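# Results of the structural survey
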Number of protein chains: 2
Amino acid sequence: MNVFAERINELRLLLKQNGIDVYYIPTADFHGSEYIGDYFRILPYLSGFTGSAGTLFVTQNEAGLFTDGRYFIQAEQELSDSGITLYRSGMENVPTPAEKLRELLKDGGVLGFDGRLLSYAFLQQLKESIDNSNATIRCDVDLTEPLWRERPALSCCPAYRLAECYTGKSTVQKLVEIRDAMKKVQPERIYKKGEKQIFSKKQKFSADVYLITSLDDIAWLFNLRGSDILHNPVLLSYAIVTESKAFLYLNPAVLDAATSALLAKEGITLRPYDAIYEDAAKLCKCTVLLDARRVNCALVQALPEECTLLDSPGPVLSAKAVKNAVELKNLAAAHVKDGIAVTKFMYWLKHTIGKQTITETSAADFLLSLRKEQEGFLEPSFETISAYNANAAMMHYCADRETSAELKPAGLLLVDSGGQYYEGTTDVTRTYVLGDIPYEWKQHYTAVLRGMLSLSAARFLYGCRGVNLDILARSPLWQMGLDYRCGTGHGVGYLLNVHEAPNGFRWRIVPERNDSCVLEEGMVTTNEPGVYIEDSHGIRIENELVCKKGEKNEYGQFMYFETLTVTPIDLDAVLPEELTASERKTLNEYHKMVYETLLPHMTKEEGEWLREVTRPVGEKE
Amino acid sequence: MNVFAERINELRLLLKQNGIDVYYIPTADFHGSEYIGDYFRILPYLSGFTGSAGTLFVTQNEAGLFTDGRYFIQAEQELSDSGITLYRSGMENVPTPAEKLRELLKDGGVLGFDGRLLSYAFLQQLKESIDNSNATIRCDVDLTEPLWRERPALSCCPAYRLAECYTGKSTVQKLVEIRDAMKKVQPERIYKKGEKQIFSKKQKFSADVYLITSLDDIAWLFNLRGSDILHNPVLLSYAIVTESKAFLYLNPAVLDAATSALLAKEGITLRPYDAIYEDAAKLCKCTVLLDARRVNCALVQALPEECTLLDSPGPVLSAKAVKNAVELKNLAAAHVKDGIAVTKFMYWLKHTIGKQTITETSAADFLLSLRKEQEGFLEPSFETISAYNANAAMMHYCADRETSAELKPAGLLLVDSGGQYYEGTTDVTRTYVLGDIPYEWKQHYTAVLRGMLSLSAARFLYGCRGVNLDILARSPLWQMGLDYRCGTGHGVGYLLNVHEAPNGFRWRIVPERNDSCVLEEGMVTTNEPGVYIEDSHGIRIENELVCKKGEKNEYGQFMYFETLTVTPIDLDAVLPEELTASERKTLNEYHKMVYETLLPHMTKEEGEWLREVTRPVGEKE
């Protein structure tokens, strides 16, 4: 019997012993993080599925796993022989997890899960969905602990204080501003005694307590960085901020004495990581600001019943998204460093292909070695995607060292990578021409490029959201009957998570994602349209954009983007006659900037080559 | 003393007698109509203000009138000497009416108004805004009736049945479909005993009673047309639809015996117009579907307290917006007729200017005479805007017969007009070059044209809303630091109101307007970007678009637009070198269609001229 089938059967035994009919396990940690530490990788242990997003349910008769389009093929392979049914989320006639739970509990029963792994918002949704009075929801059932015997320990990596020359603002100052914002919260929802309340959306409320559970929010507010999650320099922590006090919950071992003393001097009380649950229970009747989409429901249930909950992404989220002048200056420097590495990689790739064996992974390794040469580089900001031809059609392909494809002097190599620097986080994609490619691929490449350029050159009135601008990137593809099945771009943290709310580019508003805020000056967003043709090829071109204020006149405040990314866009796949005059202008100005910025950092040979690959494009090549 | 000041004082006396501290009168009828009949023109009588949108409040110490940017100058003139303060809505530091009422009632008092003139949604907003327990709201106070002695009678114009060859669907069939939709309503809000209820947005509810109060919804459902509002072929009426019955409330004098008999045969019970209030009171405990933004609060208060209210724009609104095959075929014919008139007008204008005196109004008159030559033409679909140069900078300018500007053989004439035909409603704007114009005006004209063409040529995935596409029309202007301060387009009725929800193009969602629905096949929307430079010139180019299904593939259902409007776009102001290749293609294909469609209807001279004005545009003229 398959090892995973065995583990599911073991779990079924535990279900019986605990009187649970349906057990539910998401891919999650206690903080609603997008990426999670090894301690939380319960799904790979139980089911064999290793994708970054999945949800498992187990009953005595059925086990099912939900995942999205990125992982259909992988999940099918990994789940084979496990007896677990694959639910392809988003496909026609496939229920959502909440709908499936509703169906499983239609005749009553007990649903159990570990409430620390599910958000309060999800619990509310579940309660609305399961309108069956014979069904019971139990949020305190952790069956993983007894089952997973060799479970890794909860991460406890050293954390450090990020200096003000990088953050641009002290924690003391940030706390002043956040406390000010706590007095005028415009919540999305209000809960009293667990019931949703009706109120006017324009009304402002004052919060007594701000409960912060998102790891990047906490890292930003306290100017701390850690490494409890691969590629995400955060530390496992919770925080509570009141008008006069601030409590930071973490494993005390992660801070050195000097940092602990510094925090104490700033008026911050350090408490053990788990103490948040006791402390929450001790809050008396008060108004608590929290983000129901991120806070786990066990923590909310620990709060006294009399608390009023103001549900809002919170002032830290919006303050963090707007990069300050120091951060922006640093980011520009980080992108130059990153651009040097990526450009030297392109030079190497173009000059080495066909002469020496290169695989997807060896290319990624070489790129990493170039980034490591840059001062202040800490680690990749996510797992590099180095994908050749058909592999690049899988948006989140990750080459396996053993099966990594060998690159030939033909076709396309897509490389999506980024770095964590003291000066900020980068994320860049280029698709490189390794030799001959079909004309159709050039058409696709040119359409992707046109969309990327149009969005980069957008000028728009203040008040626009990603939803208003997304079509600029997508239109050249839509005109051809093509699409990429994801957003056009996401917010990027500052030496923090490479995916950051609340800004983004996406045509369809997805409330859970909270990425369609009004674009504010100082927000950094990626611009990454693509074409993904199954079994054939994948193309993506990605620059990072920072939003700036332009002219203010009688029509309002105009906004525009400045591009942060500094590395050539491969012209070998461009059909210049398909670009409009203004697209050509945007491209040529971009390449002029790239050339002038990077030239001082190139060898003589690289410099000559750089001049050629950043040449202005005319109406015909 | 100014006559309006006298009338306000008379009203103040009535306030005292009735124990009212604040009296509130909007520009409105009993149906939430955008345009209103003479019976409802209370504001012009009381205040002298004649604009189409305004709100008056009167206390013993103050009288104030709110209106929007279209009417600031006009209101200032009309209100002078009346003692009424002008509140410029939308300007900085100007309160909304609800905010002003909140201020006036902050120490308590009695607010009175005629509840038939205010929507239930507004009443709810007011109740939320006035959170002062010492304030009383009375919705049953009509002080206009005793005050306005020469008040015109409520309109009672003859109505008629529109034949199925025009409507494409019988009322019997429409009732079947509406009753089906009543079983699966997804309301925006639910009220029980006047209190808002919390529920899951995805949940579907069944309505026992559908209360329809929007005049165009009723006209559509019962295939009736009338003329109780100028340019809007509707009749004053209410309707109630239940699973087995349908009640139509109107003045019985408006229908001839044959039509009444026909309706009776279709199972429709005719009731007197005002009987809706008694009948509403007699409904027992049931679930009522209504549109809180449109239904008046007096009618809602007439409902028994035990009723559950499902607040939704309702199934008639969405069904009406999606034109059926017969309507679309008719609409195409209507647009050809309309195009013939507008094109002959252009020919006349271009050949007459400088030779003979033409004024803004005489031009409009001539255009109307050409429309009247078309079979099936009934009346203009709105008051024609014929605006020369600087006058066109006022978006809703209406030439006065006495002060109407004389057209010179130089500059630009903007003509926005439309017709009501049995085959549908049209709305078209062209801006004509009458002679020399500055280069900058050509740049503006070209930018407007580029935006109009880009939106017309959009290809997009099903699920897009106007908010996603708007930037296609606006981008060329935004790139120049220009904007038009309104939406890009609105839905259009079928021999009904020229402004119709729920489709439209607008970048900022305005919930009250309800014009940002998902674009469905068969919806008709105008595409009318513009440039308005105060004291200088105004440019608008408007075509009507019908949404169509295109290719369906693995990415989803693609959609595109077909243009309904058939009349040349004046090329004399176009800078061809500023158009992209695809914009030129769209323009040239459009003009080819215009030429081929209209040629058979032109005289020899007109035909030769038409060939010239619809010539293909190259990279240079």
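So, how was this worked out
Residues numbered from 1 in each chain as written. Chains lettered and ligands numbered in written order. Predicted model: local features only at pLDDT ≥ 70, side-chain atom pairs only at ≥ 80, totals over all residues. Heavy atoms only, no water. Helix = DSSP H or I, 4+ residues; strand = E, 2+ residues; numbered from the N terminus. Rg over C-alpha atoms; globule rule 2.2 N^0.38 Å. Buried < 20%, exposed > 50% of the residue type's maximum accessible area, 1.4 Å probe, protein only. Areas by Shrake-Rupley, 256 points an atom, 1.4 Å probe, with all protein chains shown as cover. Salt bridge = Lys/Arg side-chain N within 4 Å of Asp/Glu carboxyl O. Pairing = 2+ DSSP bridges. Core = buried A, V, L, I, M, F, W, Y, C linked by side-chain atoms within 4.5 Å. Contact = heavy atoms within 4.5 Å. Phe/Tyr/Trp six-rings, centres within 6.5 Å; stacked < 30°, edge-to-face > 60°. Lys NZ or Arg CZ within 6 Å of the ring centre and 35° of its normal. Least-squares fit on C-alpha atoms with pLDDT ≥ 70 in both. Axes fitted to C-alpha atoms, helices over the stretch in contact; angles between N-to-C directions. Parallel < 35°, antiparallel > 145°, perpendicular 65-115°, else oblique. Nonpolar A, V, L, I, M, F, W, Y, C, P; charged D, E, K, R; others polar. Polar contact = N/O pair within 3.5 Å; in protein donor to acceptor, adjacent residues only side chain to side chain. Arc of directions from axis to C-beta. Expected span 1.5 Å × (residues − 1).

## Here we look at the overall build of chain A
Broken down by element type, chain A carries 19 helices and 30 strands. Against the globule reference of 25 Å for 621 residues, chain A gives a C-alpha radius of gyration of 25 Å, in line with a compact fold. For chain A, the spread of C-alpha atoms along the three principal axes comes to 70 × 60 × 50 Å. Counting over 621 residues, chain A shows a buried share of 60%. Counting every atom, chain A has about 24,600 Å² of accessible surface; 50% of that belongs to carbon and sulfur.

## Here's the deal with the pattern of salt bridges
All names here are of chain A. The full count for this structure, using the stated rule, is 78 salt bridges over all chains. One salt bridge connects arginine 149 with glutamate 10, and the closest N-O pair in it is separated by 3.2 Å. One end of the pair, arginine 149, is in the loop between α6 (144–147) and β7 (160–161); the other, glutamate 10, is in helix α1 (residues 3–18), with 139 residues separating them in the sequence. Note on arginine 149: relative accessible area 56%, which makes it exposed. Relative accessible area serves as the criterion here: at 30%, glutamate 10 is assigned to the partly exposed category. With a closest N to O distance of 2.8 Å, glutamate 266 and arginine 161 form a salt bridge. Taken together, the residues span a long stretch of sequence, with glutamate 266 in the loop between α10 (257–265) and β14 (268–271) and arginine 161 in strand β7 at a distance of 105 residues. Members of the salt-bridge network, linked through shared partners, are Asp216, Asp217, Lys320, Lys323 and Glu500.

## Points about the pairing of strand β3 (residues 63–67) of chain B
Residue and element names in this part refer to chain B. Within β3, 5 of the 5 residues are buried, which leaves it mostly tucked inside the rest of the structure. Where burial is concerned, the two faces of β3 agree: the one with Ala63, Leu65 and Thr67 and the one with Gly64 and Phe66 are both buried. With 4 bridges joining them, strand β2 (residues 55–58) and β3 adopt antiparallel strand pairing. Along β3, the bridge assignment pairs valine 58 with alanine 63. Between β2 and β3, which follow one another and run antiparallel, lie 4 residues.

## Details of the nonpolar core
Across soluble globular proteins, you tend to see nonpolar side chains buried next to one another. Membership of the largest hydrophobic core comes to 149 residues, with the highest contact counts inside it found for Phe345, Phe460 and Phe561 of chain A together with Phe345, Phe460 and Phe561 of chain B. The contacts of phenylalanine 561 of chain A, once residues within four sequence positions are left out, are Leu455, Ser456, Ala458, Phe460, Leu469, Phe505, Leu519, Leu545, Val546 and Cys547 of chain A. With 110 residues, the next largest nonpolar core counts Leu65, Ala159, Ala239 and Ala298 of chain B among its residues.

## Topic: the packing of aromatic side chains
The relative placement of two aromatic rings is captured by the distance of their centres and the angle of their planes. Residues and elements named next belong to chain A. Evaluated as defined, the whole model comprises 44 aromatic pairs over all chains. A centroid spacing of 5.9 Å and a plane angle of 80° characterise the contact between phenylalanine 49 and tyrosine 71, whose relative ring orientation is edge-to-face. Taken together, the positions of phenylalanine 49 in the loop between α2 (42–47) and β2 (55–58) and tyrosine 71 in the loop between β3 (63–67) and α3 (72–79) put the pair 22 residues apart, joining distant regions of the chain. Grouping residues by exposure puts phenylalanine 49 and tyrosine 71 together as buried. Geometry around tyrosine 45 places arginine 7 over its ring, the cationic atom sitting 3.8 Å from the centre.

## A few points about the relation of the copies chain A and chain B
Expressed as a screw transformation, the operator carrying chain A onto chain B has a rotation angle of 180° and an axial translation of 0.2 Å, and the superposed copies differ by an RMSD of 0.3 Å. What the superposition gives is, in effect, a two-fold axis relating one chain to the other. Closest approach to the rotation axis among the C-alpha atoms of chain A is made by asparagine 468 of chain A, whose C-alpha sits 2.5 Å away. The residues that chain A uses at the interface reappear at the interface of chain B in 100% of cases, marking a shared surface.

## Some thoughts on unusual backbone geometry
With an omega of 0°, the peptide bond running from alanine 501 of chain A to proline 502 of chain A counts as cis. With respect to the helices and strands, the residue proline 502 of chain A is situated in strand β25 (residues 500–505). Backbone geometry places aspartate 81 of chain B, a non-glycine residue, at a positive phi of 75°. Here aspartate 81 of chain B is to be found in the loop between α3 (72–79) and β4 (85–88). If you check the backbone angles, leucine 495 of chain B has positive phi at about 45° while not being a glycine. Note on placement: leucine 495 of chain B falls in the loop between β24 (489–491) and β25 (500–505).

## Description of the sheet that holds strand β22 (residues 428–433) of chain A
Residues and elements named next belong to chain A. Ordered in space as β18-β19-β22, the 3 strands form an open sheet in which the pairing is antiparallel. Looking at which strands have only one partner, the edges of the open sheet turn out to be β18 (385–388) and β22. Each neighbouring strand pair of the sheet contributes to a mean axis angle of 10°, computed without reference to strand direction. Looking at chain direction, strand β19 (residues 412–417) and β22 are connected through 6 bridges and run antiparallel. Looking across to β22, one finds that leucine 413 is bridged to tyrosine 432. Each of β18, β19 and β22 touches helix α15 (residues 360–372); the most contacted strand, β18, lies at about 145° to it.

## A few points about the packing of helix α18 (residues 581–598) of chain A against helix α19 (residues 604–613) of chain A
Residue and element names in this part refer to chain A. It is at 9 Å that the axes of α18 and α19 come closest, and there the two elements cross at 170°. Compared by their axis directions, α18 and α19 come out roughly antiparallel. Together, His591, Val594, Tyr595 and Leu598 of α18 and Gly607, Leu610, Arg611 and Val613 of α19 make up the contact between the two elements. Looking at the contact of α18 with α19 residue by residue, the classes come out as 5 nonpolar, 2 polar and 1 charged.

## A word on the environment of glutamine 74 of chain B
All names here are of chain B. Inspection of the secondary structure assignment puts glutamine 74 in helix α3. What makes glutamine 74 partly exposed here is its relative accessible area of 26%. When the C-alpha positions of glutamine 74 and glutamate 62 are compared, they lie 21 Å apart, and in sequence the two are 12 residues distant. Setting aside residues no more than four positions away along its own chain, glutamine 74 makes contact with Thr50 and Gly51.

## Regarding the sheet that holds strand β19 (residues 412–417) of chain B
All names here are of chain B. The 3 strands lie next to each other as β18-β19-β22, forming an open sheet whose pairing is antiparallel. The two strands at the open ends of the sheet, each matched to only one other strand, are β18 (385–388) and β22 (428–433). Pairwise comparison of adjacent strand axes, ignoring direction, gives a mean angle of 10° for this sheet. Two strands pair when backbone bridges link them, and β18 and β19 are joined in this way by 4 bridges, in the antiparallel orientation. When the sheet's bridge partners are listed, alanine 387 is paired in β19 with leucine 414. Seen against the sheet, helix α14 (residues 325–352) touches β19 and β22 and runs at an angle of roughly 15° to β22.

## Some thoughts on the interface of chain A and chain B
The interface of chain A with chain B comprises 34 residues on the first partner and 34 residues on the second. Where chain A packs against chain B, one counts 0 salt bridges. Taken together, the connections running from chain A to chain B amount to 12 residue pairs in polar contact (both at pLDDT 80 or more). Within the residue set of the side of chain A that touches chain B, elements represented by two or more residues are β9 (195–197), β23 (459–461), α17 (466–478), β27 (530–533) and β29 (543–553) of chain A. By residue class, the composition of the side of chain A that touches chain B is 18 nonpolar, 8 polar and 8 charged.

## Section: helix α10 (residues 257–265) of chain B
Residue and element names in this part refer to chain B. Within the span of α10, buried status applies to Thr259, Ser260 and Leu263. Down the axis, α10 shows its buried residues gathered within 100° of arc, on one side only. Turned more than 90 degrees from where α10 packs its buried face, Ala257, Ala258 and Lys265 sit exposed. Glycine 267, located one to two residues past α10, shows a positive phi value of around 85°.

## A word on helix α18 (residues 581–598) of chain B
Residue and element names in this part refer to chain B. The terminal C-alpha atoms of α18, which comprises 18 residues, lie 26 Å apart, in line with the 26 Å expected from a rise of 1.5 Å per residue. Buried residues of α18: Glu583, Arg584, Thr586, Leu587, Asn588, Tyr590, His591, Val594, Tyr595 and Leu598, and no others. As for α18, its buried residues are in contact with α14, β22, α16 (439–456), β29 (543–553), β30 (556–563) and α19 (604–613).

In short, the description is geometric, and any link to function would need to be established separately.
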